[in-house]
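# Per-entry structural report
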Amino acid sequence: MSADEQLIPSNPKRVEWDRITAIMAVLIGACALAVSFYTAKLQSAQVRAQTWPYLQMWQSNVDRSFSISNRGVGPARIADVKLWIDDDEVANFDQAIIKLSKQSGPMSTMQSYFARRVLTSNEDVKIIQFETDEQFNIFYKNRKRIAFQICYCSVLDECYLLDERAKSEQEYISSVSKCPIGRAGKFR
């Protein structure tokens with residue numbers, strides 16, 4: 001062995017710091033990308049939660065009215081309304097009252113336009129109010145014969161269907177791809 005060979009040590013376990021640094025940089029970048037995707041997903045869910053509308057139908061025996069309310073945190077854009085009496089779709093409250101009361105003409109009522117409008121969060125709208133108890137009782141006593149189907153959307157165009165003809169509580173309000181479902185309702 002020469003004197004030059006003795007001066008150069010052979011080390012098969014030599015650490016390649018450049019390669020380790022490059023691998024660490026790739027791993028850190030991948031972790032940062034994963035965190036970014038997860039954060040974007042959480043922010044999207046938070047925005048959906050902050051714009052979620054939730055409609056409810058209710059009645060007041062005190063002021064003889066039927067109302068609709070938005071109890072969600074975001075506005076509800078009502079896209080379509082259908083009203084059935086005994087599985088027959090009617091075009092308005094006057095037709096519904098005539099069908100329920102078997103009278104020849106409509107009653108004197110206060111009716112609010114609520115199809116194709118926006119209800120803000122915690123907004124209540126009386127959709128119909130009767131002048132007398134007798135008029136109110138025609139609707140109240142026949143409530144099981146009356147069914148609304150209301151399709152509404154959030155500001156993010158996530159749409160929901162409130163269907164009083166639903167067979168279960170889980171189907172009462174369901175998520176739908178868009179409004180109207182099937183064909184547009186007659187109710188105006």
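These numbers come from a predicted model, not from an experiment.

Pairs can form between side chains of opposite charge once their charged atoms are near each other. What the rule picks out here adds up to 11 salt bridges. The closest approach of N and O atoms between glutamate 16 and arginine 19, which form a salt bridge, is 3.6 Å. Under the relative-accessibility criterion, glutamate 16 is labelled partly exposed at 45%. Taking the shortest distance from any N to any O, the salt bridge between arginine 145 and aspartate 86 comes out at 2.6 Å. Of this pair, arginine 145 sits in the loop between helix H4 (133–141) and strand E8 (146–153) while aspartate 86 sits in the loop between strand E3 (76–85) and strand E4 (88–90), and the two are 59 residues apart along the sequence. A residue is classified by how much of its surface remains accessible, and aspartate 86, at 35% relative accessible area, is partly exposed.

Counting residues in each nonpolar core, the largest one holds 33 residues, and the members touching the most others are Ile68, Phe114, Phe148 and Ile150. Those elements that place two or more of their residues in this core are strand E1 (55–60), strand E2 (65–70), E3, helix H3 (93–101), strand E7 (124–130), H4, E8 and strand E9 (159–163). Sort the elements by how many residues they give to this core and E3 lands first, with 5 residues. Not counting residues up to four positions away in its chain, the partners in contact with isoleucine 150 are Leu55, Met57, Ile68, Ile78, Asp80, Val81, Phe114, Tyr160, Leu161 and Leu162.

Thresholds applied
Residues numbered from 1 in each chain as written. Predicted model: local features only at pLDDT ≥ 70, side-chain atom pairs only at ≥ 80, totals over all residues. Heavy atoms only, no water. Salt bridge = Lys/Arg side-chain N within 4 Å of Asp/Glu carboxyl O. Buried < 20%, exposed > 50% of the residue type's maximum accessible area, 1.4 Å probe, protein only. Helix = DSSP H or I, 4+ residues; strand = E, 2+ residues; numbered from the N terminus. Core = buried A, V, L, I, M, F, W, Y, C linked by side-chain atoms within 4.5 Å. Contact = heavy atoms within 4.5 Å.

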